[in-house]
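# Breakdown of the fold
The chain contents come next:
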Amino acid sequence: MPVDLSILDSLSEQAIGEILQSWSAFVYCTEILLGGRGDLSAVSELASSVAILCRNGLRSLLEDHFLQYLEEAFMASAVLKFWRHFDPYSDVPGLDLKNHQALVNQLQEALSSSLEEICSEKNYQEKCLSLLIHALESYEESFATDKMYYGHHESNLLSRYQLMVSSVLLTTLPFHFPEVLRLYFKHKLEELNTIINISYEDGMGSLKNDGNVKYDAPDEMNIDGNHSESAVSKNYSLVKSIGKVVLDLRNLGFTALTEDAYASSIIQLLKAKVQNLAVDDYRTPVLQSIKEWIQVVPLQFLHALLCYLGDSYDNDVSSGLISPLASRPPSYPGIDAPSEGLVRWQLRLEYFAYEKLQDLRIGKLFEIIVDYPDSSPAIEDLKQCLEHTGQHSKLVDSFISSLRYRLLTAGASTNDILHQYVSTIKALRTIDPTGVFLEAVGEPIRDYLRGRKDTIKCIVTMLTDGSGVNPSGTGNTGDSLLEELNKEAENQETADTDEDINVDDKQAWINAECWEPDPLEADPLRGCRQRGKIDILEMLVSIIGSKDQLVNEYRIMLAEKLLNKSDYDIDSEIRTLELLKIHFGESNMQKCEVMVNDLISSKRMNANIKASKSQLAVNGSEQEKALSLDLVDATIISSNFWPSIQEESLHLPLPVEQILSDYAEKFHEIKAPRKLLWKKYLGTVKLELQFDDRNVEFSVTPLHAAIIMQFQEKTSWVSESLAAAVGLPVDVLNRRMSFWIGCD
């Protein structure tokens, strides 16, 4: 503060001498007070010298001198000594303190004792400053009539002194001191966490026995808080020691540094808790446990700490302004009326928990979906986290990257990719029922599958083959994906019907008020109502591009299955066909329906022919070798409706040719003028071969049967002769003979 020294020109020599004498006395008293601890003998002389100097307009000069002397004395006697306590811990940021428990204990002791010393010095200086303030107020009181400004000097000088203390400490702050503070609070919080956890677990055990624990809503926990509260109360000395350190640090001007240190420690503790609960455990919900732990451990500690510091009550109630947080219903065990500060802490910690758990789940989303639906609890936790963080784009980017690196590779089978795609659809529609982000995630999979030649065949197999689908959801073990999808569609249709019936005007208005626009990532070509209904079958068809291709592939596969049937048991094929008719329409499945009806008609026709009980002989001399019509089961197909069947020449043994001719004749008698044209190379033949020591039954193709039956005529054949007898090229015969050679 500038001092006007021109006032000295108007003073007499006697007045100047009095000022000099008073200044010398003031300087001497300052040195006595600040230099010798506890020496208050110069108080009266200080008051008189202050009065003379103030009377001559030198008040600002003496204030500046006193504060400067305080600063120098504080630096020399307190600050340098305070920082020297932490010189041995300059390497703390780089140490693994798990193996240096003794060092941690020494550090805590050093922090507590050094704070006590420097705060003691500061308190003494504040006491000396109060003497100066008292002297100044006594001078003003002697002649002033307006007493409203008496407290002005006290607040001004004290605030200047506090600013000086903070400035001196912050300008000399060692770079490792913030880490020292974080280490101190981290160790203390871990100690308190262990104590509270033990008490909480014991308390929860007794509460479960008493039946006093209940959960009314997923976001609230109504627990008798006496256990966690008593844990804090029993260890109040620990909270008190932490609170004293916080108060001392605040007193020195380290408020922001202190709050950052214990906030960082709480966050680290919470991070470790989330990591411990969530890592590699996808089949158990963990979010609610984390939120309960936040209420029981960090919030209990903060509540006790804020009460000790006197910050447990809001200070702005008298202003008439009510924070939106004030309307938040309290759900704190053992805390009747949480302050706004505590509510802010809860929101802050819960958001961090949401974000940390979300990152863990997104990082392992590929494994979670592989394990779906057993991993449904992890999906539900992720859904809740994303509802609070809104970081869906992070999920999309991360998961697409994982898909391209781990799934969309040449080493992955098409079947595995399709199963992962279906599981992805099921999982992501739980997280995002609108399907916006599923569209973005599914596009790379669809593009990749379009380049695979066997994609259509694998889709049809997955839809119709119960053994190739994970039993999950509403489906039973062995159900095809198509059956599972149909059950889901029926449930959805029922729910939509009930919703349409029950929605009245009031509910419709409520729904309209809750409407939200689509995210930026949404496809503008798809409406909200279309996007809200995620059809897995439609998404699989979109890979192919046309349902006609899928129907044609199913027709080929159905033909193969029906032709391999030997017992006319086609119940599963009929059920699958009916389901496909629901999804693709009857007109598209007409040819497939004719194919199935051919099997039904064949069964009936086969029974009618066998009912004649006729016995046919090959010729009169071989009556004992005659074959019966009872040995033949024919599948009669309408060739115009079946896929084209490749023609192959085959000469059957004469007895077989005769029985087939007799069967065709009987068919013509019943279904005239229709005639049978045999596909001799199709079907299954059951044989029993007699060896020296055993009889063995085989089920083989007509080609293999024709080859082995030639050995009834002769026991030895030349390849060319046998090939001519069967009607095959020699190279084809050699390949087919390998089957019988391997059975030897």
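Report follows, based on the coordinates. Residue positions are given per chain, counted from 1 along the sequence in the order it is written. Side-chain atom pairs in this predicted model are given and counted only at pLDDT of 80 or more, local residue features only at pLDDT of at least 70, and totals for whole chains, interfaces and linings cover all residues. Note: side-chain values were computed over all heavy atoms of the structure, leaving out hydrogens and water.

### Things to note about the overall build of the chain
Helices and strands together make up the secondary structure of the chain, namely 29 helices and four strands. The buried label goes to any residue with under 20% of its type's maximum accessible area, the exposed label to any with over 50%, and the partly exposed label to all in between, with areas taken from a 1.4 Å probe on protein chains only. Put simply, the chain has 744 residues, and 43% of those count as buried. Note on contacts: a residue pair is in contact if any heavy atoms of the two residues lie within 4.5 Å. Restricting to contacts in the chain with at least 6 residues of sequence separation, those with at least 24 account for 73%. Total accessible area computed for the chain in this model is approximately 39,800 Å², and 51% of it derives from carbon and sulfur atoms. Numbering goes from the N terminus for both helices and strands, where a helix is a DSSP run of H or I of at least four residues and a strand is a run of E of at least two. Only the protein chains shown count as cover for residues, with accessible areas throughout obtained via the Shrake-Rupley method and a probe of 1.4 Å.

### Here we look at the packing of aromatic side chains
For this analysis, a ring pair means two rings from Phe, Tyr or Trp (six-membered ring only for Trp) whose centres lie within 6.5 Å, classed as stacked if their planes differ by under 30 degrees, edge-to-face if by over 60, and tilted for the remaining angles. One pass over the structure, following the stated rule, counts 16 aromatic pairs. Pairing Phe 739 with Trp 740 gives two aromatic rings, centres 5.0 Å apart and planes at 75°, and the pair type is edge-to-face. A residue is classified by how much of its surface remains accessible, and Trp 740, at 9% relative accessible area, is buried. Pairwise contacts between aromatic rings join Phe 82, Trp 83, Phe 86, Phe 177 and Phe 254 into one cluster. A cation over a ring is seen here: Arg 348 above Trp 345, with NZ or CZ 4.8 Å from the ring centre. Any Lys NZ or Arg CZ found within 6 Å of a ring centre and within 35 degrees of that ring's normal is scored as a charge over the ring.

### Regarding the packing of helix α16 (residues 414–431) against helix α22 (residues 536–544)
As a packed pair, α16 and α22 sit with axes 11 Å apart at the nearest point and diverge in direction by 140°. Taken as axis vectors, α16 and α22 run oblique relative to one another. Crossing of α16 against α22: the hand is right-handed. Facing α16, whose interface residues are Leu 418, Tyr 421, Val 422, Ile 425, Lys 426 and Arg 429, α22 presents Ile 536, Met 539, Leu 540 and Ile 543. Residues belonging to the contact of α16 with α22 are distributed by class as follows: eight nonpolar, no polar and two charged. Note on method: axes are straight lines fitted to C-alpha atoms, helices fitted across the in-contact stretch only, with angles between N-to-C directions ranging 0 to 180 degrees. Oblique is the label for any angle not covered by the other classes, which are roughly parallel (under 35 degrees), roughly antiparallel (over 145) and roughly perpendicular (65 to 115). Each crossing is labelled by how the near helix is turned from the far one, with a counterclockwise turn of less than a right angle marking it left-handed and a clockwise turn marking it right-handed. Each residue receives one of three labels: charged for Asp, Glu, Lys and Arg, nonpolar for Ala, Val, Leu, Ile, Met, Phe, Trp, Tyr, Cys and Pro, and polar for the others, Gly being one of them.

### Digging into the pairing of strand β4 (residues 695–700)
A pair of strands is considered paired only if DSSP assigns at least 2 bridges between the two. Two strands pair when backbone bridges link them, and strand β3 (residues 685–690) and β4 are joined in this way by six bridges, in the antiparallel orientation. Following the sheet pairing, Lys 686 is matched in β4 by Ser 699. Between β3 and β4, which pair antiparallel in sequence order, lie four residues.

### Description of the nonpolar core
If you look at soluble globular proteins, the nonpolar side chains tend to sit buried side by side. In this text, buried Ala, Val, Leu, Ile, Met, Phe, Trp, Tyr and Cys residues form a nonpolar core when linked through side-chain atoms within 4.5 Å. Counting residues in each nonpolar core, the largest one holds 93 residues, and the members touching the most others are Val 50, Leu 129, Leu 169, Phe 177, Leu 302 and Leu 349. For this core, the leading source of residues is helix α4 (residues 101–143), giving 15 residues. Leaving out residues up to four positions away in the same chain, Val 50 has contacts with Phe 26, Leu 62, Leu 132, Ala 135 and Leu 136. In terms of nonpolar packing, the next biggest core, distinct from the first, is built from 66 residues, Leu 365, Tyr 421, Cys 458 and Leu 537 among them.

### A word on helix α15 (residues 392–406)
By this rule, a helix spans an expected 1.5 Å times one less than how many residues it contains. Over its 15 residues, α15 extends 21 Å from the first C-alpha to the last, a length consistent with the 21 Å expected when each residue adds 1.5 Å. Buried residues of α15: His 392, Leu 395, Val 396, Phe 399, Ile 400, Ser 402 and Leu 403, and no others. For α15, the angular spread of the buried residues around the axis is 165°, confining them to a single face. Away from the buried face of α15 by more than 90 degrees, exposed residues Asp 397, Arg 404 and Tyr 405 are located. Buried residues along α15 sit in contact with α12 (340–363), α13 (365–370), α14 (376–389), α16 and α17 (436–449). The arc under discussion is defined with respect to the helix axis, by the directions toward the C-beta atoms.

### Details of unusual backbone geometry
Keep in mind that most residues, glycine aside, have a negative phi and that most peptide bonds are trans. Look at the link from Tyr 372 to Pro 373: it is a cis peptide, with omega at 10°. A cis amide bond links Ala 672 to the next residue, Pro 673, at an omega of 10°. Along the chain, Pro 673 turns up in the loop between α26 (654–671) and β3. The backbone of Tyr 568 shows a phi angle near 60°, a positive value even though the residue is not glycine. Secondary-structure assignment places Tyr 568 in the loop between α23 (547–563) and α24 (571–584). Judged by its relative accessible area of 13%, Tyr 568 is buried.

### Section: helix α25 (residues 590–610)
Taking 1.5 Å per residue as the helical rise, α25 with its 21 residues ought to reach 30 Å, and the 30 Å between its terminal C-alpha atoms agrees with that figure. Taken together, the buried positions of α25 are Cys 592, Val 594, Met 595, Val 596, Asp 598, Leu 599, Ser 602, Met 605, Asn 606, Ile 609 and Lys 610. Where the residues of α25 are buried, they touch α23, α24 and α26.

### Points about the environment of Glu 121
When you line up the elements, Glu 121 lands in helix α4. On the basis of relative accessibility, which here comes to 9%, the residue Glu 121 falls in the buried class.

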